[in-house]
Amino acid sequence: MIVGFIGTGSMGSILIESMIKTQALHPGQIVAANRTLEKAEKLAAQYPGLQTAATNREAASRSDILFLCVKPKQFKEVIDDIKSEVRESQIVVSITSTVLIRHLEEHLPCKIAKVIPSITNYVCSGATLTMYGSRMAQEDIFMLEKLLRHMSKPVAVSEEYTRICSDLSSCGPAFVAFFIEEFINAAVKYTGLPKEEATRLASEMVLGTGLLLTDGGFSPEKLRERVTVPGGITAEALRILSLDLEGTFERLIRTTHNKYYDELDIVEGLLYNPAGEMD
Ligand SMILES: NC(=O)c1ccc[n+]([C@@H]2O[C@H](COP(=O)([O-])OP(=O)(O)OC[C@H]3O[C@@H](n4cnc5c(N)ncnc54)[C@H](OP(=O)(O)O)[C@@H]3O)[C@@H](O)[C@H]2O)c1
């Protein structure tokens, strides 16, 4: 089986490296194309056997499964490049929330899947969100999920919830990292604790908290209650935190959704109005 990647930027390269590191694929099973070819060539130098393709068409013609790892505005150009090459038996996988399954089914004759990875997959952790088009047979789903399972937990979601699930699963690491950054900076500023020490403690804490919530049998509520002694220090800190955060997550979700719908309009403009502007 040959797995192709168009786009070896941040997410494309994370997927490639994770699949190699976890031995889901050996480098010889991967073909990579990128607008700036040097980026794909760098991966090929790092992982001997990994093949590069000089064009998107070539990557498409050589792949059984083809991951499209480009940004929403770049999809139209990639679809135009590959559509004459794609075969009905191939699986094309989009990793972009604003490119809908029906967009790809309307423009390409092959099987379509949407998979939203997360940076957590780089350490073989976290979920990949999965959604499948009507042409995907059970054995296609099985084959794709077998690949994904090496580096993540595939979680089937309904496409109408793509945005909110991506907020939780894929944007979440950035939100949590920001929270931790602020916590560390305040700790250093207020107490003089060395930043390295604060970072180490906070990072170990996040890892342990994640394990308690996944394997440890705790819900977020149960965990909070377990740590919080009524009238104690944590309880007082949480009272302040909840006052300060009031409405924050509603505003955050409203913002990501507004941006999603703006981006969806742009993608549809480009896909269905060929005169539309391109990135
Ligand atoms: N980052 C995340 O955590 C994350 C998580 C889940 C999903 N995603 C989704 O993944 C997609 C890619 O995001 P990213 O962060 O990886 O973006 P990125 O770092 O900008 O990578 C995009 C890559 O696509 C290449 N490219 C652009 N147009 C191309 C074309 N016509 N043909 C071939 N290659 C082309 C770019 O090449 P150049 O080198 O020439 O710029 C770049 O290397 C986005 O839709 C994003 O929503 C990202």
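The structure we're discussing is the one just above.
The following paragraphs examine the structure supplied in this document. What you are looking at is a predicted structure, and each value in this text was computed from that prediction instead of being measured.

**Brief notes about the overall build of the protein chain**
So, step 1. A count of helical and extended segments in the protein chain gives eleven helices and eight strands.
So, step 2. In terms of its C-alpha atoms, the protein chain occupies a principal-axis envelope of roughly 65 × 40 × 35 Å.
So, step 3. By residue count, 41% of the 279 residues in the protein chain fall in the buried class.
So, step 4. Pairs at least 24 apart in sequence give 63% of the contacts found in the protein chain among residues at least 6 apart.
So, step 5. Entry remark: accessible area of the protein chain is about 15,700 Å², with carbon and sulfur atoms responsible for 58%.
So, step 6. The positive charge centre, built from 29 side chains, and the negative charge centre, built from 36, are 2 Å apart in the protein chain.

**Here we look at the environment of glutamate 105**
So, step 1. In this fold, glutamate 105 is placed in helix H5 (residues 101–107).
So, step 2. Taking the C-alpha atoms as reference, glutamate 105 lies 57 Å from glycine 232; in sequence the two are 127 residues apart.

**A short note on the nonpolar core**
So, step 1. Among the nonpolar cores identified, the biggest contains 29 residues, and Phe5, Met19, Leu50, Phe67 and Leu144 are the most heavily contacted of them.
So, step 2. At the level of elements, strand S1 (3–6), helix H1 (10–21), strand S2 (30–33), helix H2 (37–46), strand S4 (65–68), strand S5 (91–94), strand S6 (111–116) and helix H6 (138–149) are the ones that each hand at least two residues to this core.
So, step 3. Apart from the residues within four sequence positions on either side, phenylalanine 5 is in contact with Gly12, Leu15, Ile16, Met19, Ile30, Val31, Ala32, Ala33, Leu66, Phe67 and Cys69.
So, step 4. Judged by nonpolar contacts, the second largest core, of 28 residues, contains Ile6, Val70, Val78 and Met131.

**Some remarks on the sheet that holds strand S3 (residues 51–52)**
The strands that make up a sheet pair up through hydrogen bonds in the backbone, lying either parallel or antiparallel.
So, step 1. Taking strand neighbours across the sheet as the criterion, the eight strands line up as S3-S2-S1-S4-S5-S6-S7-S8 in an open arrangement whose pairing is mixed. With one partner strand each, in any of the chains shown, S3 and strand S8 (153–156) form the two edges of the open sheet.

**Concerning unusual backbone geometry**
So, step 1. Positive phi is not limited to glycine here, since glutamine 23 has a value of about 60 degrees.
So, step 2. Looking at the secondary structure, you find glutamine 23 in the loop between H1 and S2.
So, step 3. Looking at glutamine 23, the relative accessible area reads 67%, which means it is exposed.
So, step 4. Backbone geometry places cysteine 124, a non-glycine residue, at a positive phi of 55 degrees.
So, step 5. Here cysteine 124 lies in the loop between S6 and strand S7 (127–132).

**Looking at the pattern of salt bridges**
So, step 1. Under the definition given, this model contains eleven salt bridges.
So, step 2. One salt bridge in this structure joins aspartate 80 and lysine 83, with 3.2 Å as the shortest N-O distance.
So, step 3. Looking at aspartate 80, the relative accessible area reads 34%, which means it is partly exposed.
So, step 4. Residues glutamate 236 and arginine 239 are paired through a salt bridge, measuring 2.9 Å at the closest nitrogen-oxygen approach.

**With respect to the packing of aromatic side chains**
So, step 1. One pass over the structure, following the stated rule, counts two aromatic pairs.
So, step 2. Both rings, one in tyrosine 260 and one in tyrosine 261, keep their centres 5.2 Å apart while their planes meet at 80 degrees; by these two values the pair is edge-to-face.
So, step 3. According to the relative accessible area criterion, tyrosine 260 is buried, its value standing at 9%.
So, step 4. A cation sits over an aromatic face here: lysine 21 above tyrosine 122, 3.9 Å from the ring centre.
So, step 5. Taking the ring centre of phenylalanine 218 as reference, the NZ or CZ of lysine 222 above it sits at 5.4 Å.

Parameters and conventions
Residues numbered from 1 in each chain as written. Predicted model: local features only at pLDDT ≥ 70, side-chain atom pairs only at ≥ 80, totals over all residues. Heavy atoms only, no water. Helix = DSSP H or I, 4+ residues; strand = E, 2+ residues; numbered from the N terminus. Buried < 20%, exposed > 50% of the residue type's maximum accessible area, 1.4 Å probe, protein only. Contact = heavy atoms within 4.5 Å. Areas by Shrake-Rupley, 256 points an atom, 1.4 Å probe, with all protein chains shown as cover. Lys, Arg positive; Asp, Glu negative; His and termini not counted. Charge placed at Lys NZ, Arg CZ, Asp CG, Glu CD. Core = buried A, V, L, I, M, F, W, Y, C linked by side-chain atoms within 4.5 Å. Pairing = 2+ DSSP bridges. Salt bridge = Lys/Arg side-chain N within 4 Å of Asp/Glu carboxyl O. Phe/Tyr/Trp six-rings, centres within 6.5 Å; stacked < 30°, edge-to-face > 60°. Lys NZ or Arg CZ within 6 Å of the ring centre and 35° of its normal.

No statement about biological role is implied by the geometric values presented.
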